[in-house]
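So the chains spell out like this:
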Amino acid sequence: MTPSSPDTAPTRRPLVSGNWKMHHDHIEALHTVRDLGLRLKPEDIAQVDVTLHPPFTDLRTVQTLLEGESIPVALGAQHCNDHDRGAYTGEVSPQMLARLGVRYVLVGHSERRQHFAMSDDLVAATLRAVLRHEMTPVLCVGETEEERAAGLTEERLSSQLDAALRGLDPSQVAGMVVAYEPIWAIGTGRAATSVDAEDACLFVRETLRALAGPEAAQSVRVQYGGSVNPENAADLMAEPDVDGLLVGGASLDAATFLEIVRASRPAGPRRRG
Ligand code: 13P
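Overview of the structure. None of the values given here were measured: they were computed from a predicted structure. (Residues numbered from 1 in each chain as written. Predicted model: local features only at pLDDT ≥ 70, side-chain atom pairs only at ≥ 80, totals over all residues. Heavy atoms only, no water.)

### A closer look at the overall build of the chain
What counts, and what does not: Secondary structure elements are defined from DSSP: runs of H or I of at least 4 residues count as helices, runs of E of at least 2 residues count as strands, and each element is numbered from the N terminus. The quantity called the radius of gyration is restricted to C-alpha atoms. Its globule counterpart is 2.2 Å times the number of residues to the power 0.38. Should any heavy atoms of two residues lie within 4.5 Å, those residues are counted as being in contact. Only the protein chains shown count as cover for residues, and all accessible areas are computed by the Shrake-Rupley method using a 1.4 Å probe. When charges are counted, Lys and Arg are positive and Asp and Glu negative, with His and the chain ends excluded. In this description, the location of a charge corresponds to atom NZ of lysine, CZ of arginine, CG of aspartate or CD of glutamate.
Scanning the chain for helices and strands turns up 13 helices and eight strands. Whereas a compact globule of 273 residues would reach a radius of gyration of roughly 19 Å, the chain reaches 17 Å, a difference of no more than 12%. Structurally, the chain occupies a C-alpha span of about 45 × 45 × 35 Å along its principal axes. Sequence-distant contacts, at least 24 apart, represent 75% of the contacts inside the chain between residues at least 6 apart. Taken as a whole, the chain presents about 11900 Å² of accessible surface, with 52% of it coming from carbon and sulfur. Charged side chains of the chain number 26 positive and 38 negative; the gap between the two group centres comes to 5 Å.

Next up, the structure:
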């Protein structure tokens, strides 16, 4: 483990999120969430927040199930448009998500940036749209393999953070989540080492401090994402600036996802207290 900076005492509540990407239709979603609800024990979520980010077509089903069966998991979405309404065929607005009880929205996931040409400007506008509707943005940042090899990781992270957050009020930044997801680790089975994840998450926090001040930087939860599984979750979570995990493939199965939630509990011997 790398040493914590003095003002990063681990007062932040761990946040473990499942990003289903384009997996699970609404029937599969129903079975998965019901399975998770049956397995979750009060002690699993006593010290950890859990969110699920299913595809748009599943949101209503998942919301009904979470509320109807009092499953203590917050509803998340994977993306939204930056406008509240209008002639944007095929898009879903932040207002629609808010009305559905969505609490967290991924913004600028690398797959949106890569496959759908989501620019830094659009990331910034979307983030503000999510905030406008009082949902929590989960701003995704991360470098490519080439950028890492060229020693450009920090430059990439700071430029993504700056483009998305510059001009926001520190109180708005304070309530956000940032997900550090190195692109080379997503879906590859090659997770970052816990030391590399800590270095990047600490750098994210230092950049937040420069952009929004020490209080905001101290309260933002910084997640790591990229090939997280039940075996590596505890080591990643043991790092002082890794406040949570954004889980793709391993979140599709309720039992596997729950193992990751359990490995993220701060009570574990590895977590700093
Ligand atoms: P994997 O966990 O499948 O690598 O995906 C990570 C991710 O992109 C989560 O948003």
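Read on for the rest.
### Details of the site of the ligand
Heads up, the rule is: Note on definitions. A residue lies near a molecule or strand when any single heavy atom of the residue is within 4 Å of it. Note on residue classes: Ala, Val, Leu, Ile, Met, Phe, Trp, Tyr, Cys and Pro are nonpolar, Asp, Glu, Lys and Arg are charged, and everything else, Gly too, is polar.
If you check the shell around the ligand, you find Asn 19, Lys 21, His 109, Glu 181, Ala 185, Ile 186, Gly 187, Gly 226, Ser 227, Leu 246, Gly 248 and Gly 249 and nothing else. When the ligand sits alone it has 300 Å² of accessible area, and the protein chains cover 94% of it. Residues that form the shell around the ligand fall into these classes: three nonpolar, seven polar and two charged.

### Considerations on the side chain of Asp 44
Let me state the cut-off plainly: Throughout this description, buried means an accessible area under 20% of the type-specific maximum (1.4 Å probe, protein chains only), exposed means over 50%, and partly exposed covers the range between. Any pair of nitrogen or oxygen atoms within 3.5 Å is treated as a polar contact; in protein, a donor-acceptor pairing is required on top of that, and neighbouring residues in sequence qualify only through side-chain atoms on both sides.
In this structure, Asp 44 sits in helix α2 (residues 42-45). Judged by relative accessible area, Asp 44 falls into the buried class, the value being 1%. In terms of polar contacts, Asp 44 uses its side chain to reach the backbone amide nitrogen of Lys 41, at 2.7 Å. Within polar-contact distance, the side chain of Asp 44 engages the side chain of Arg 262 at 2.8 Å. If near-sequence neighbours (up to four positions away) are discounted, Asp 44 is found in contact with Arg 39, Leu 258, Val 261, Arg 262 and Arg 265.

### A few points about the packing of aromatic side chains
What counts here: In summary, the pairing rule links any two rings of Phe, Tyr or Trp, Trp by its six-membered ring, whose centres are within 6.5 Å, and it sorts them by plane angle into stacked for under 30 degrees, edge-to-face for over 60 and tilted for everything else. Comment: the charge-over-ring label is applied if NZ (Lys) or CZ (Arg) is within 6 Å of the ring centre and within 35 degrees of the ring normal.
Here the structure, examined in full by the defined rule, presents one aromatic pair. Taking the centre distance of 6.2 Å and the plane angle of 50° together, the rings of Tyr 180 and Tyr 224 count as tilted. Here Tyr 180, found in strand β6 (residues 177-180), pairs with Tyr 224, found in strand β7 (residues 221-225); they are 44 residues apart in sequence, far enough to count as distant. Looking at Tyr 224, the relative accessible area reads 0%, which means it is buried. In this structure, Arg 112 is placed above the aromatic ring of Phe 116, and the distance from its NZ or CZ to the ring centre is 4.0 Å.

### As for the nonpolar core
Defined as follows: Residue types Ala, Val, Leu, Ile, Met, Phe, Trp, Tyr and Cys, when buried and joined through side-chain atoms within 4.5 Å, form a set referred to as a nonpolar core.
With 70 residues, the main nonpolar core has Leu 97, Val 102, Leu 139, Leu 165, Leu 208, Tyr 224 and Leu 245 as its most contacted residues. In terms of residues, this core owes the most to one element, helix α10 (residues 194-212), which gives seven residues. Contacts of Leu 139, omitting those with residues within four sequence positions, involve Val 107, Arg 113, Val 123, Leu 127, Leu 161, Ala 164, Leu 165, Met 176, Val 177, Val 178 and Ala 179. Ranked by size, the runner-up nonpolar core spans nine residues in total, among them Ala 74, Tyr 104, Val 177 and Leu 246.

### As for the pairing of β7
Consecutive side chains along a regular strand alternate between the two faces of the sheet. Among the five residues that make up β7, five are buried, leaving the element largely enclosed by the rest of the structure. Every second residue of β7 is oriented toward a common face, with Arg 221, Gln 223 and Gly 225 on one face and Val 222 and Tyr 224 on the other, all of them buried.

### So, the pairing of strand β5 (residues 136-141)
Selection rule: We call two strands paired when DSSP finds no fewer than two bridges between them.
Where burial is concerned, most of β5 is hidden: six out of the six residues are buried. Of the two faces of β5, the one lined by Thr 136, Val 138 and Cys 140 and the one lined by Pro 137, Leu 139 and Val 141 are each fully buried. When β5 meets β6, the two strands line up parallel, connected through four bridges. Looking at the pairing, Val 138 lines up with Val 177 of β6.

### Overview of helix α6 (residues 120-132)
In an α-helix, one full turn covers 3.6 residues, which means residues spaced three or four apart are oriented alike. Threshold: In this scheme, a helix's expected span is set at 1.5 Å multiplied by one less than its residue total.
Taking 1.5 Å of rise per residue, 13 residues should cover 18 Å, and α6 covers 18 Å from first to last C-alpha, within 8% of that figure. Packed against the buried residues of α6 are α4 (94-99), β4 (104-107), α5 (110-115), β5, α8 (153-165) and α9 (170-174). A positive phi of about 60° marks Glu 134, the residue just after α6.

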